[in-house]
Amino acid sequence: MSDFEKLSALMKADWNRRLRHDYRFWMSDGVSDDRVMWESGARDFGILCEGITFSGQESFLELGCGVGRLLASALKKCGRVIGVDVSEEAIKKAAELLPADPKLQLIVGNGYNLSEVQSGSIDLAVSFAAITSMPTDVIANYLVELYRILKPEGYMRLQIYLGEEQRLAHADTLHLRCFKPENFKKGLEAAGFDIEWIKELVLPFQVSFKEHGLETFIASFRKSNRSPLHPNEISRLLLPLGESETEGNQPISPIEFWMSYNYAKTLLEAGDFEKAREAVGFASDVCKATALDVSDLLQEIISEINKKEAAQAERKVLSVGVSFEGRPEIFEKNLKALKDAFPELAAQLQDKCDEAAPEIQQ
Ligand SMILES: C[S@@+](CC[C@H](N)C(=O)[O-])C[C@H]1O[C@@H](n2cnc3c(N)ncnc32)[C@H](O)[C@@H]1O
């Protein structure tokens, strides 16, 4: 098996697992419902395509399209829309969520080339929140492929991280790749692109991590008439130090644990105990495959979920006991019977009613 074939199997397994857990969380925003997800997709499509006037005829390709958050907007603007993703789960979900449209083609790719796409056929190729997590030699291979599929006057828009070079594990399929600006420029030029502009990406939530030397940008490129160099050379220019080899046979990114653990905490705060438990279960499975020893943290959050859930159930029992909304006559009848049989308890119950259901008090 070649290095790319091994990476392909790993990227598929990793992204399918994340998609099966919670497709909205693992896409871009960690959003809570599909409506918000489409809105954020329209916002990101607008940012990515800033300054482009669509004629309605363009052929558009998104690399790492996920469940189609941006493709929904592309369908409204372009004549042909192609979404490519390494994950079967993502493409299955995209087919389910997006409107059936003959303009749309969804492709489960091998994760390192675009062999299903014809050379010189695409006007605009984009990637948002996707190439940033790919191993650098996969990025380099894709750049050569993107050059191949673009029309001579075609262009490309990418979301990227620039700042301090990060030396990550080669097989990490989640951690953000970040390149020194001058190396990024050299790598992209070696792949046959001219940089048009690079602008900082600002979203309503944190996407740059300046304290860690990572800042996120949208970059616009034109296809030049220089032929790309070999992907190995592009990879070396992008990241002169290269990526480290991972030890162990299940190299799951520790970031995956921290993201799912923090997601569980957010869900707990929001009172969504079922989803919080699912996220803890996911985090727990992930950490079994890493060297992280976080059993105390997991135990702590499980107890916290149980405690908050029990407290909520107690409040419910109490409110069910005192809520006779819409049926005041039954309340009155029961209260009278109780008052007669247990005068002290009835007085206590009346107090609770005064606190919890003032609307049915006379
Ligand atoms: C964070 S999601 C973003 C999805 C989409 N771009 C969006 O913004 O909603 C990253 C996506 O990239 C896909 N991906 C990761 N590595 C890939 C690769 N090597 N080739 C193609 N897709 C890949 C994942 O399967 C996942 O669907």
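Our structure's up above, just so we're on the same page.
Here's a quick rundown of the structure. (Residues numbered from 1 in each chain as written. Predicted model: local features only at pLDDT ≥ 70, side-chain atom pairs only at ≥ 80, totals over all residues. Heavy atoms only, no water.)

1. A word on the overall build of the chain
Counting secondary structure elements, the chain contains 13 helices and seven strands. Buried residues in the chain amount to 49% of all 362 residues. Of the accessible surface of the chain, which amounts to about 18,000 Å², a share of 53% is contributed by carbon and sulfur atoms. (Helix = DSSP H or I, 4+ residues; strand = E, 2+ residues; numbered from the N terminus. Buried < 20%, exposed > 50% of the residue type's maximum accessible area, 1.4 Å probe, protein only. Areas by Shrake-Rupley, 256 points an atom, 1.4 Å probe, with all protein chains shown as cover.)

2. Some thoughts on the site of the ligand
Around the ligand sit 20 residues, and of these Met 27, Gly 64, Arg 69, Asp 85 and Tyr 142 come closest. In the environment of the ligand, a nitrogen atom lies 2.8 Å from a nitrogen or oxygen atom belonging to the backbone of Gly 64. Relative to its free-state accessible area of 590 Å², the ligand is covered by the protein chains to the extent of 97%. Judged by the proximity of its atoms to the pocket grid, the ligand belongs to the largest cavity. (Near = heavy atom within 4 Å. Polar contact = N/O pair within 3.5 Å; in protein donor to acceptor, adjacent residues only side chain to side chain. 1 Å grid on protein atoms, 1.4 Å probe; cavity = no way out; pocket = protein on both sides within 12 Å on 5 of 7 lines; lining within 4 Å. Sits in = over half its atoms within 2 Å of the grid points.)

3. Overview of empty space enclosed by the protein
Following the criterion strictly, the structure yields three cavities of 30 Å³ or more and no others. Approximately 380 Å³ is the volume found for the largest cavity. Lining the largest cavity are 27 residues; nearest its centre among them are Trp 15, Gly 64, Asp 85, Ala 129 and Ala 130. When residues in the lining of the largest cavity are grouped by element, the largest group, three residues, is from helix 1 (residues 3-21). Residues that form the lining of the largest cavity fall into these classes: 17 nonpolar, seven polar and three charged. Its volume calculated, the second largest cavity comes out at about 80 Å³. Considering the residues around the second largest cavity, the lining is formed by Ile 131, Thr 132, Ile 139, Leu 143, Leu 158, Ile 160, Tyr 161, Arg 177, Phe 179, Phe 184, Leu 188 and Leu 238. Sorting the residues of the lining of the second largest cavity by element identifies helix 6 (136-149), strand 5 (150-163) and helix 7 (181-190) as the ones contributing at least two each. The element that contributes the greatest number of residues to the lining of the second largest cavity is strand 5, accounting for three residues. (Points joined across faces, edges and corners; volume = space filled by probe spheres on them. Nonpolar A, V, L, I, M, F, W, Y, C, P; charged D, E, K, R; others polar.)

4. Quick notes on the state of the cysteines
Disulfide: a covalent bond connecting the sulfur atoms of a pair of cysteines. Tallying each qualifying case throughout the model produces zero disulfides. Not part of a disulfide, Cys 49 finds its nearest cysteine sulfur in Cys 78, a span of 7.1 Å. (Disulfide = S-S within 2.5 Å.)

5. Focus: the packing of aromatic side chains
Here the structure, examined in full by the defined rule, presents 13 aromatic pairs. Where Phe 179 meets Phe 184, the ring centres are 6.4 Å apart and the plane angle is 20°; that geometry is what we call stacked. The pair formed by Phe 179 and Phe 184 is uniform in burial state, with each residue classed as buried. Residues Phe 193 and Phe 221 carry aromatic rings whose centres are separated by 6.1 Å and whose planes lie at 65° to one another, so their mutual orientation is edge-to-face. One end of the pair, Phe 193, is in strand 6 (residues 193-200); the other, Phe 221, is in strand 7 (residues 214-223), and 28 residues separate them in sequence. Of the two residues, Phe 193 and Phe 221, neither departs from the other in class, the shared state being buried. A network of ring pairs unites the aromatic residues Tyr 147, Phe 179, Phe 184, Phe 193 and Phe 221 as a single cluster. A cation over a ring is seen here: Arg 18 above Trp 15, with NZ or CZ 4.6 Å from the ring centre. Geometry around Trp 197 places Lys 199 over its ring, the cationic atom sitting 4.4 Å from the centre. (Phe/Tyr/Trp six-rings, centres within 6.5 Å; stacked < 30°, edge-to-face > 60°. Lys NZ or Arg CZ within 6 Å of the ring centre and 35° of its normal.)

6. A short note on the sheet that holds strand 1 (residues 59-63)
The mixed open sheet is built from seven strands, whose spatial order is 3-2-1-4-5-7-6. The two strands at the open ends of the sheet, each matched to only one other strand, are strand 3 (104-108) and strand 6. Taking the axes of each pair of neighbouring strands and ignoring which way they run, one obtains an average angle of 20° across the sheet. As judged from the nine bridges shared by strand 5 and strand 7, these two strands associate in the antiparallel manner. Looking at the pairing, Arg 157 lines up with Ser 220 of strand 7. Sheet strands touched by helix 7: strand 5, strand 6 and strand 7. Its angle to strand 5, the strand with the most contacts, is close to 160°. (Pairing = 2+ DSSP bridges. Axes fitted to C-alpha atoms, helices over the stretch in contact; angles between N-to-C directions. Contact = heavy atoms within 4.5 Å.)

7. Here we look at the layout of surface pockets
Of the volumes computed, that of the largest pocket is approximately 880 Å³. For the largest pocket, the lining is made up of 31 residues, of which Ser 28, Tyr 161, Leu 176, Phe 209 and Met 259 are closest to its centre. At the level of elements, helix 2 (23-27), strand 5 and helix 9 (254-269) are the ones that each hand at least two residues to the lining of the largest pocket. At six residues, helix 9 tops the list of elements feeding residues into the lining of the largest pocket.

8. Details of unusual backbone geometry
One non-glycine residue, Ala 129, lies in positive phi territory at about 55°. Mapping Ala 129 onto the fold places it in the loop between strand 4 (122-127) and helix 6.

9. Quick word on the nonpolar core
Within the largest apolar cluster, 76 residues are counted, with the highest numbers of intra-cluster contacts made by Leu 61, Leu 143, Leu 146, Met 156 and Phe 193. Considering each element in turn, this core owes the most residues, nine residues, to helix 6. Mapped onto the domain boundaries, this core takes at least three residues apiece from domain 1 (3-238) and domain 2 (254-360). Residue contacts for Leu 146: discarding those within four places in its chain leaves Leu 61, Leu 63, Leu 114, Ala 125, Met 156 and Phe 193. Residues Leu 75, Leu 98, Val 126 and Leu 201 belong to the second largest nonpolar core, which totals 26 residues. (Core = buried A, V, L, I, M, F, W, Y, C linked by side-chain atoms within 4.5 Å. Domains from an automatic or database assignment.)

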